[in-house]
Amino acid sequence: MKIVRQLIPKDINAVLSLAYKAVYERGWVDKDFNKLDFNFKVKSVFVNANNQCYGLFNDDRLVGFAVATLGFLPWVMKRKCLIELIHTDIEHRNSEDNQMLFDVIMQFCNDNEIQHIR
């Protein structure tokens, strides 16, 4: 069964594993790749209070995640949301799974009356 829920601190090892697979798959892991620094950067994204982080789980296994950054439009002080990334593991890279992650972000925006979404 697939569900999408907000990521919590106990999910960090699964997030780090899937994030590492994502950069490896894209060919970004080379001899200069610093995994410790990478882990630190990923963790800092998921603890940032301005970020909404959601995970797609299939039978309690993390198979995707989405990150949206919240902020304000400076000229009118209205809230905005920037969808930073949506990533799914290869076998879950389909419109249904991506849509599930996108829908959760959109629902958060609707619930919080955020109309400026990128």
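Residues numbered from 1 in each chain as written. Predicted model: local features only at pLDDT ≥ 70, side-chain atom pairs only at ≥ 80, totals over all residues. Heavy atoms only, no water.

Q: Help me get a handle on the pairing of strand β3 (residues 61-72), residues and values and all.
A: Consecutive side chains of a regular strand alternate in pointing toward one face of the sheet and then the other. Of all the 12 residues making up β3, 9 are buried; the element is thus mostly covered by neighbouring parts of the structure. Where strand β2 (residues 51-58) hands over to β3, the hairpin turn is made up of 2 residues, of which D59 adopts a positive phi near 50 degrees. Bridge count for β3 against strand β4 (residues 79-88) is 9 bridges, and the pairing is antiparallel. The partner of G71 across the bridge, within β4, is K80. Once β3 ends, the chain turns through 6 residues before running back antiparallel as β4, passing M77 with a positive phi of about 55 degrees. (Buried < 20%, exposed > 50% of the residue type's maximum accessible area, 1.4 Å probe, protein only. Helix = DSSP H or I, 4+ residues; strand = E, 2+ residues; numbered from the N terminus. Pairing = 2+ DSSP bridges.)

Q: For the pattern of salt bridges, give the residues involved together with the corresponding values.
A: A full pass over the atoms with the stated rule returns 6 salt bridges. Measuring nitrogen to oxygen at the nearest pair gives 2.8 Å for the salt bridge that ties K2 to D97. One end of the pair, K2, is in strand β1 (residues 2-6); the other, D97, is in helix α3 (residues 95-111), and 95 residues separate them in sequence. Of the charged contacts in the structure, one is a salt bridge between E25 and R93, with a shortest N-O distance of 2.6 Å. One end of the pair, E25, is in helix α1 (residues 12-25); the other, R93, is in the loop between β4 and α3, and 68 residues separate them in sequence. Residue classification places R93 among the partly exposed residues on the basis of a relative accessible area of 38%. (Salt bridge = Lys/Arg side-chain N within 4 Å of Asp/Glu carboxyl O.)

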